Amino acid sequence: MSKKTGGKKWNYKQWTILTRTMCLAGGALLLGRMFTGYTGFVLPGVLLLFPGMVIAAFTLNCPHCGKLIGDLLTHNSTKCPHCNKPLEPLFSKKDK
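The rules behind the values
- Residues numbered from 1 in each chain as written.
- Predicted model: local features only at pLDDT ≥ 70, side-chain atom pairs only at ≥ 80, totals over all residues.
- Heavy atoms only, no water.
- Helix = DSSP H or I, 4+ residues; strand = E, 2+ residues; numbered from the N terminus.
- Buried < 20%, exposed > 50% of the residue type's maximum accessible area, 1.4 Å probe, protein only.
- Contact = heavy atoms within 4.5 Å.
- Patch = residues over 30% accessible without salt bridge, like charges linked within 9 Å, V, L, I, M, F, W, Y side chains within 5 Å.
- Areas by Shrake-Rupley, 256 points an atom, 1.4 Å probe, with all protein chains shown as cover.
- Salt bridge = Lys/Arg side-chain N within 4 Å of Asp/Glu carboxyl O.
- Phe/Tyr/Trp six-rings, centres within 6.5 Å; stacked < 30°, edge-to-face > 60°.
- Axes fitted to C-alpha atoms, helices over the stretch in contact; angles between N-to-C directions.
- Parallel < 35°, antiparallel > 145°, perpendicular 65-115°, else oblique.
- Left-handed = near helix turned anticlockwise from the far one by under 90°.
- Nonpolar A, V, L, I, M, F, W, Y, C, P; charged D, E, K, R; others polar.
- Expected span 1.5 Å × (residues − 1).

Undergrad: Would you mind going over the overall build of the protein chain in detail, with residue names and values included?
TA: Counting its secondary structure elements, the protein chain contains two helices and zero strands. In the protein chain, which comprises 96 residues, the share counted as buried stands at 22%. Across the protein chain, contacts joining residues at least 24 apart in sequence account for 39% of those joining residues at least 6 apart.

Written as structure tokens, this is what we have:
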């Protein structure tokens, strides 16, 4: 991430970008292993893919109802799709 957080808590958009990047990079490395046969891709792929999935499971939930919010990067919603409560702590005015 090019923007430094300066010790501030990450918002939903930053966590989504981080977990998506980790999972895609890990998956690409595992696919690279499948196509090239080079086993050196397996360990970095697993070390990126599984932590990305775990981080997504614990950080990308609604703070009110606890349900998985999903991908809000595509539709920029400021309310939880399940409980319809505002997600303002997850978004800053700059992110909209």
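Back to the text.
Undergrad: Could you give an account of a nonpolar patch on the surface, with specific residues and numbers?
TA: On the surface, L31, M34 and F35 cluster together into a nonpolar patch covering about 380 Å² of accessible area. Looking at the secondary structure, you find L31 in helix α1 (residues 12-36).

Undergrad: Quick rundown of the packing of aromatic side chains? Include the residues and the values.
TA: Two numbers describe a pair of aromatic rings. These are the distance of the centres and the angle of the planes. Under the criterion given, the structure shown has one aromatic pair. For the ring pair Y38 and F41, a centre distance of 5.2 Å and an interplane angle of 85° mean the geometry is edge-to-face. A residue is classified by how much of its surface remains accessible, and F41, at 27% relative accessible area, is partly exposed.

Undergrad: Give me the lowdown on the environment of V54, citing residues and values where you can.
TA: Relative to the elements of secondary structure, V54 occurs in helix α2 (residues 42-59). Its relative accessible area of 44% is what places V54 among the partly exposed residues.

Undergrad: I'd like to hear about the environment of A56, residue by residue, with values.
TA: Along the polypeptide, A56 turns up in helix α2. Here A56 falls in the buried class, since its relative accessible area comes to 19%. Taking the C-alpha atoms as reference, A56 lies 5.9 Å from T19; in sequence the two are 37 residues apart. Excluding residues within four positions of it along the chain, A56 makes contact with T19 and L68.

Undergrad: So, the packing of α1 against α2: which residues are in play, and what are the values?
TA: Interhelical geometry of α1 versus α2 gives an angle of 150° and a closest axis separation of 7 Å. Relative to α2, the element α1 is oriented roughly antiparallel. In this structure, the crossing between α1 and α2 has a hand that is left-handed. Together, W15, T19, M22, C23, A25, G26, G27, L29, L30 and R33 of α1 and V42, P44, G45, V46, L48, L49, P51, G52, M53, I55, A56 and T59 of α2 make up the contact between the two elements. A class-by-class count of the residues in the contact of α1 with α2 yields 15 nonpolar, six polar and one charged.

Undergrad: Just give me the short version of α1, but keep the residues and values in it.
TA: Between the first and last C-alpha of α1 there are 36 Å, a value that for 25 residues agrees with the 36 Å anticipated at 1.5 Å per step. Turning to α1, its buried residues are Y12, Q14, T16, T19, M22, G26 and G32. Backbone geometry just downstream of α1 places G37 in the positive-phi region, at approximately 85°.

Undergrad: Please set out unusual backbone geometry residue by residue, giving values where relevant.
TA: Phi at N84 takes a positive value of approximately 60°, unusual for a residue other than glycine. Relative to the assigned elements, N84 resides in the segment after α2.

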